[in-house]
Amino acid sequence: MPALATITDVEDDNAHRIIIIGAGIVGCALASNLAASGEKDVLLIDRSFRDLLGSTGHAPGFVGQYNDSLFLSQLAKWSVEEYMSIPGAFQVVGGLELATTPVAAASLANRYKLAREAGIPAELVSCEKAVSMAPDLIKHEGLKSALFFQSDGTADAKVVTAYFRRIAEGHGARLLEADVQGLERCDEVIHKLQTSRGVIQTASSQVIFATGVWTKSILSEISGTEPFPVIPVAHPYGFTPRRDRRTGQPYPFVRWPEYHVYARDHGDRDGMGSYDHKPVWEEPGESAIGSWGPEFASVLAVASEKCLKNAQEFVTVERNPDAEQFNGIFSVTPDNLPLAGKVQNVENMWLCTAVWVTHAAGTAKLISKRMLGVELTAAEAAVSRALDPNRFAGMEFQILAQQALGRYNDIYNSQALEL
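Residues numbered from 1 in each chain as written. Predicted model: local features only at pLDDT ≥ 70, side-chain atom pairs only at ≥ 80, totals over all residues. Heavy atoms only, no water.

Q: Sorry if this is basic, but what is going on with the sheet that holds strand β16 (residues 236-239) here?
A: Note on sheets: strands pair through backbone hydrogen bonds, and any given pair is parallel or antiparallel. Here we have nine strands laid out as an open sheet, ordered β7-β8-β6-β17-β18-β19-β16-β21-β20, and mixed in their pairing. The open sheet terminates on both sides in strands that have one partner only, identified here as β7 (123-125) and β20 (289-290). Here strand β17 (residues 253-256) runs beside strand β18 (residues 261-265); their pairing, made up of three bridges, is antiparallel. By the bridge assignment for β18, valine 254 is matched with alanine 263. Sheet strands in contact with helix α3 (residues 102-117) are β6 (95-99), β7, β8 (145-149) and β17, and its direction is about 25° off that of β8. Across the sheet, helix α7 (residues 296-307) is in contact with β16, β17, β18, β19 (270-274) and β21 (324-328); its angle to β19 comes to roughly 110°. (Pairing = 2+ DSSP bridges. Helix = DSSP H or I, 4+ residues; strand = E, 2+ residues; numbered from the N terminus. Contact = heavy atoms within 4.5 Å. Axes fitted to C-alpha atoms, helices over the stretch in contact; angles between N-to-C directions.)

As structure tokens, this is what we get:
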């Protein structure tokens with residue numbers, strides 16, 4: 001358990017500190033980067049350091065680097081570079097995408113071409129080879145095409161987060177376990193943060209919200225600012241019953257884009273998620289594990305029958321108490337890009353939120369560079385502009401929310417909207 005600070009440790013009215021709210025993978029990466037750079041007064045606030053209550057705590061850990069948005073591809077590549085340097089954090093197992101129709105096969109061929117142009121290793125492989133890579137997951141019948149991304153893999157978000165937090169603490173960052181309940185703004189400056197442990201003076205500080213699925217609710221409730229379109233959505237994920245761990249080369253994670261289904265080998269069981277259902281906007285409670293919707297069991301059952309060789313193992317807990325299923329809430333935005341950067345009209349407020357594990361470390365590193373005044377490369381500057389959290393300012397929130405929900409069913413491959 002990390003050493004936790006108290007309000008008396010951080011109550012200096014004149015402190016020029018960096019305050020990060022949210023200690024998931026993004027917040028801890030920010031704290032690590034900033035503290036390690038020599039910023040000696042970094043304060044990381046979260047309601048619980050004992051448990052990862054946000055989406056970091058249940059992320060399946062897929063890291064697929066190619067996306068139709070070049071900005072997301074770049075963030076993914078930067079994130080993989082970070083994860084590869086952390087012991088036990090990233091396993092290069094590769095990623096398979098499968099097609100069962102001529103239209104889907106043509107789409108894979110196009111993705112192969114574009115991925116190669118983006119500098120991401122990719123190979124069109126035979127259906128027989130694809131099945132041999134994950135024989136317990138893939139049905140051979142009906143397969144038309146397979147695309148393999150050799151350098152993709154799985155990240156252990158808990159290992160990554162713990163590592164970044166240790167680095168931050170080792171460089172002097174302090175951890176405060178508290179709920180942030182309100183803030184006081186005056187002359188476009190955040191002067192105070194009200195927490196469950198007391199008041200923190202912030203007029204001389206930079207305040208970063210790395211609050212993930214709680215971003216909209218927290219900022220709407222405590223800041224009075226225009227809501228940011230970070231929409232929390234329900235998402236069903238299921239596990240087979242536990243078994244002896246497979247030996248040999250781990251299976252790549254597998255996607256069936258035309259069915260909006262994905263699966264992975266977790267070692268001692270397999271997991272599967274599906275986007276093939278109507279998007280469900282669900283505000284999280286104390287954690288990012290939501291309620292299990294009545295339709296989710298059938299969603300997983302239908303998805304497994306369409307795609308998986310071991311479909312019968314993905315049954316509901318009502319039929320098999322050894323299986324497991326949960327609703328893992330995560331965020332969507334109108335263009336599928338994170339919202340990360342300085343907030344306009346508030347001199348000391350930043351946002352760094354709505355990213356997947358795939359893009360988390362890359363986004364945090366980019367924002368850290370901006371806060372430290374490091375000159376960005378041309379590629380970094382282009383991505384930074386694309387992530388500007390103010391890009392939706394003045395647009396009607398409900399329209400933006402519906403656009404974000406419309407992204408849910410094709411979360412991996414959608415182009416960024418031209419807004």
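Next, the rest of the story.
Q: Even after reading the chapter, I still don't get the layout of surface pockets, so can you show me in this structure?
A: Remark: the empty space left among the atoms is shown by a probe the size of a water molecule rolled over them. Taken as a whole, the largest pocket encloses approximately 850 Å³ of empty space. As for the largest pocket, its lining consists of 44 residues, of which Ala59, Asp156, Lys158, Arg264 and His266 are closest to the centre. Counting only elements with at least two residues in the lining of the largest pocket, the list comes to β5 (90-91), β9 (153-155), α5 (157-170), β16, β18 and β21. Along the lines of polarity and charge, the residues of the lining of the largest pocket split into 18 nonpolar, 15 polar and 11 charged. (1 Å grid on protein atoms, 1.4 Å probe; cavity = no way out; pocket = protein on both sides within 12 Å on 5 of 7 lines; lining within 4 Å. Points joined across faces, edges and corners; volume = space filled by probe spheres on them. Nonpolar A, V, L, I, M, F, W, Y, C, P; charged D, E, K, R; others polar.)

Q: Looking at this model, I keep getting lost on the nonpolar core. Mind explaining?
A: Taken as a class, soluble globular proteins show a tendency for nonpolar side chains to be buried jointly. In terms of nonpolar packing, the biggest core is built from 47 residues, with Ile20, Val26, Leu30, Leu44, Tyr83 and Ile208 touching the most fellow members. Of all the elements in the fold, those that place two or more residues in this core are β2 (18-21), α1 (25-36), β3 (42-46), α2 (70-84), α5, β24 (349-353), α8 (357-372) and α9 (378-386). Sort the elements by how many residues they give to this core and α1 lands first, with eight residues. Once residues lying within four places of it in the same chain are set aside, the contact partners of isoleucine 20 are Gly27, Leu30, Ala31, Leu34, Val42, Leu43, Leu44, Ile45, Ile208 and Ala210. (Core = buried A, V, L, I, M, F, W, Y, C linked by side-chain atoms within 4.5 Å. Buried < 20%, exposed > 50% of the residue type's maximum accessible area, 1.4 Å probe, protein only.)

Q: Quick question: what am I supposed to make of the state of the cysteines here?
A: Cysteine pairs can be linked by a disulfide, which is a covalent bond between their two sulfur atoms. Scanning all chains against the criterion turns up zero disulfides. With no disulfide partner, cysteine 28 has as its closest neighbouring cysteine sulfur the one in cysteine 352, 12 Å distant. Accessibility expressed as a relative area gives 0% for cysteine 28, which makes it buried. Residue cysteine 352 is classed as buried on the basis of its relative accessible area of 1%. (Disulfide = S-S within 2.5 Å.)

Q: Can you help me understand the packing of α2 against α8 in this one?
A: Pairs of packed helices are described in terms of their axes, by the angle between the two and the distance that separates them. Put simply, α2 and α8 touch, their axes get as near as 7 Å, and they point 85° apart. In terms of orientation, α2 lies roughly perpendicular with respect to α8. Counted together, Leu72, Leu75, Ala76, Trp78, Ser79, Glu82 and Tyr83 of α2 and Val357, Thr358, His359, Ala360, Ala361, Gly362, Thr363 and Lys365 of α8 form the full contact between these two elements. Grouping the amino acids of the contact of α2 with α8 by side-chain chemistry returns eight nonpolar, five polar and two charged. (Parallel < 35°, antiparallel > 145°, perpendicular 65-115°, else oblique.)

Q: Before we go on, may I ask you to explain the sheet that holds strand β11 (residues 180-186) in this structure?
A: Taking strand neighbours across the sheet as the criterion, the three strands line up as β11-β12-β13 in an open arrangement whose pairing is antiparallel. The open sheet is flanked by β11 and β13 (198-201), the only strands paired with a single partner. For this sheet, the mean inter-axis angle between neighbouring strands, taken without regard to orientation, is 25°. One ladder, built from six bridges, connects β11 with strand β12 (residues 189-195); its direction is antiparallel. Directly across from arginine 185, in β12, lies its bridge partner isoleucine 190.

Q: Please clarify how the pattern of salt bridges should be interpreted in this entry.
A: Close approach of charged atoms lets side chains of opposite charge pair. Tallied over the entire structure, the rule returns 22 salt bridges. In this structure, the salt-bridge partner of arginine 111 is glutamate 97, at a minimum N-O distance of 2.8 Å. Here glutamate 97 lies in strand β6 and arginine 111 lies in helix α3, a separation of 14 residues in the sequence. Each of the two residues, arginine 111 as well as glutamate 97, counts as buried. Between arginine 243 and aspartate 265 there is a salt bridge, with its nearest N and O atoms 3.4 Å apart. Here arginine 243, found in the loop between β16 and β17, pairs with aspartate 265, found in strand β18; they are 22 residues apart in sequence, far enough to count as distant. A relative accessible area of 26% places arginine 243 in the partly exposed class. Assessed through its relative accessible area of 10%, aspartate 265 is described here as buried. (Salt bridge = Lys/Arg side-chain N within 4 Å of Asp/Glu carboxyl O.)

Q: Is there a simple way to explain α8 in this structure?
A: An α-helix turns once every 3.6 residues. As a result, residues three or four positions apart point the same way. End to end, α8 covers 23 Å across 16 residues, agreeing with the expected 22 Å (1.5 Å per residue, within 8%). Within α8, 12 of the 16 residues are buried, which leaves it mostly tucked inside the rest of the structure. Residues of α8 that are buried include every one of Val357, Thr358, His359, Ala360, Ala361, Gly362, Thr363, Ala364, Leu366, Ile367, Ser368 and Met371, and no others. A positive backbone phi angle near 75° is found at glycine 373, which sits one or two residues after α8. (Expected span 1.5 Å × (residues − 1).)

Q: Which parts of the structure should I look at to understand the environment of phenylalanine 397?
A: You can see phenylalanine 397 is positioned in helix α10 (residues 397-406). Given the relative accessible area of 17%, phenylalanine 397 is considered buried. Residues phenylalanine 397 and proline 229, spaced 168 residues apart in sequence, show a C-alpha to C-alpha distance of 6.7 Å. Sequence-distant contacts of phenylalanine 397, defined by excluding residues within four places in its chain, comprise Lys216, Pro227, Phe228, Pro229, Ile231 and Trp281.

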